[in-house]
Amino acid sequence: MNLNQWFEKGLTAEQYISGMNVNQAGMNQILERFSLSPEERERFAPLKGKGLKAIALSEDWCGDALLNNPILLKIADEIEMDVRFLLRDQNLELMDQYLTNGTSRAIPIYIFINKDGEELAVWGPRAKQLQDLVDQERGKLPSQDDPEFTDKQKAMYKNLVKSYQVDENLWHAVANSIWDKLRG
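Model, not experiment: these values are computed from the prediction.

Focus on the overall build of the chain
Here's step 1: Within the chain, the regular secondary structure consists of nine helices and four strands.
Here's step 2: Reading the chain from its N terminus to its C terminus gives the helix and strand order α-α-α-α-β-α-β-α-β-β-α-α-α.
Here's step 3: A principal-axis box enclosing the C-alpha atoms of the chain has dimensions of 50 × 40 × 30 Å.
Here's step 4: Of all intrachain contacts in the chain linking residues separated by at least 6 positions in sequence, the fraction that spans at least 24 positions is 74%.
Here's step 5: The centroid of the 22 positive side-chain charges in the chain is displaced by 1 Å from the centroid of its 29 negative side-chain charges.

Points about the environment of Gly10
Here's step 1: With respect to the helices and strands, Gly10 occurs in the loop between helix 1 (3-9) and helix 2 (13-18).
Here's step 2: Separated by twelve residues in the primary sequence, Gly10 and Val22 have C-alpha atoms spaced 20 Å apart.
Here's step 3: With sequence-adjacent residues up to four places away left out, Gly10 is seen in contact with Gln15, Arg84, Phe85 and Leu86.

Section: helix 8 (residues 149-166)
Here's step 1: Spanning 18 residues, helix 8 covers 26 Å between terminal C-alpha atoms, matching the ideal 26 Å at 1.5 Å per step.
Here's step 2: By the burial criterion, the buried members of helix 8 are Phe149, Met156, Leu160, Tyr164 and Gln165.
Here's step 3: Considering only its buried residues, helix 8 is in contact with helix 3 (24-33), helix 5 (63-79), helix 7 (128-139) and helix 9 (168-183).

A few points about the sheet that holds strand 1 (residues 53-58)
Here's step 1: Strands sit in the order 2-1-3-4 across an open sheet of four strands; the sheet is mixed. Both edges of this open sheet fall to strand 2 (82-87) and strand 4 (119-123), since each of them pairs with a single strand only. Neighbour to neighbour, the strand axes of the sheet diverge by 20 degrees on average, direction disregarded.
Here's step 2: On the sheet, helix 5 packs against strand 1, strand 2, strand 3 (109-113) and strand 4 and is oriented at approximately 155 degrees with respect to strand 2.
Here's step 3: Across the sheet, helix 9 lies against strand 3 and strand 4, angled at about 150 degrees from strand 4, the strand it touches most.

Section: the pairing of strand 4
Here's step 1: Pairing of strand 3 with strand 4 involves four bridges; the strand directions are antiparallel. Each bridged residue has a counterpart across the sheet, and for Phe112 the counterpart in strand 4 is Ala121.
Here's step 2: The turn joining strand 3 and strand 4, which pair antiparallel and follow one another in sequence, is formed by five residues; a positive phi near 85 degrees is taken by Gly117.

Describing helix 3
Here's step 1: By the burial criterion, the buried members of helix 3 are Gly26, Met27 and Ile30. One face of helix 3 carries all of its buried residues, which in axial projection span an arc of 100 degrees. Counted as exposed and oriented over 90 degrees from the buried face of helix 3: Ala25 and Glu32.

Rules used throughout
- Residues numbered from 1 in each chain as written.
- Predicted model: local features only at pLDDT ≥ 70, side-chain atom pairs only at ≥ 80, totals over all residues.
- Heavy atoms only, no water.
- Helix = DSSP H or I, 4+ residues; strand = E, 2+ residues; numbered from the N terminus.
- Contact = heavy atoms within 4.5 Å.
- Lys, Arg positive; Asp, Glu negative; His and termini not counted.
- Charge placed at Lys NZ, Arg CZ, Asp CG, Glu CD.
- Expected span 1.5 Å × (residues − 1).
- Buried < 20%, exposed > 50% of the residue type's maximum accessible area, 1.4 Å probe, protein only.
- Pairing = 2+ DSSP bridges.
- Axes fitted to C-alpha atoms, helices over the stretch in contact; angles between N-to-C directions.
- Arc of directions from axis to C-beta.

That's the geometry; what it means functionally is another story.
Pasting the structure below:
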């Protein structure tokens with residue numbers, strides 16, 4: 001299947017959001033509160049009306065998708081880019097072509113294509129600034145054989161997801177990271 005066929009198979013943003021059961025409120029909160037800065041709008045302006053499309057491999061339960069998907073949708077609105085969502089676990093044939101570090105089905109993954117379905121750029125699953133934050137927080141966890149590891153790891157991810165929903169600096173870090181890939 002070529003990328004245009006995968007794109008056509010995807011859900012619209014409205015379909016994806018309305019089908020969410022886990023992170024819908026958090027995603028909508030970011031979607032309502034985030035807007036591109038004037039500088040970001042200016043940077044993205046040359047991409048407006050170029051017929052770009054994006055395939056977003058995602059899942060509702062994913063904290064990184066909770067943060068990144070609304071930012072992608074705001075960028076898409078700004079540059080008139082159509083986005084379609086494919087659920088990772090139902091589309092492993094495509095997902096397995098975009099593994100993080102060649103081994104991990106980490107999401108979200110955004111595949112940017114032109115009108116002919118040619119891949120232009122791939123982004124995900126995190127902006128570098130966010131990866132650094134996650135790595136820093138993971139570094140504070142006890143060893144995996146520690147009896148408290150699981151509880152502390154869950155608490156760490158819960159705190160990260162909370163910050164994803166309110167920290168505007170993280171939102172702009174994602175927007176700028178996507179820009180860096182698209183200008184490529």
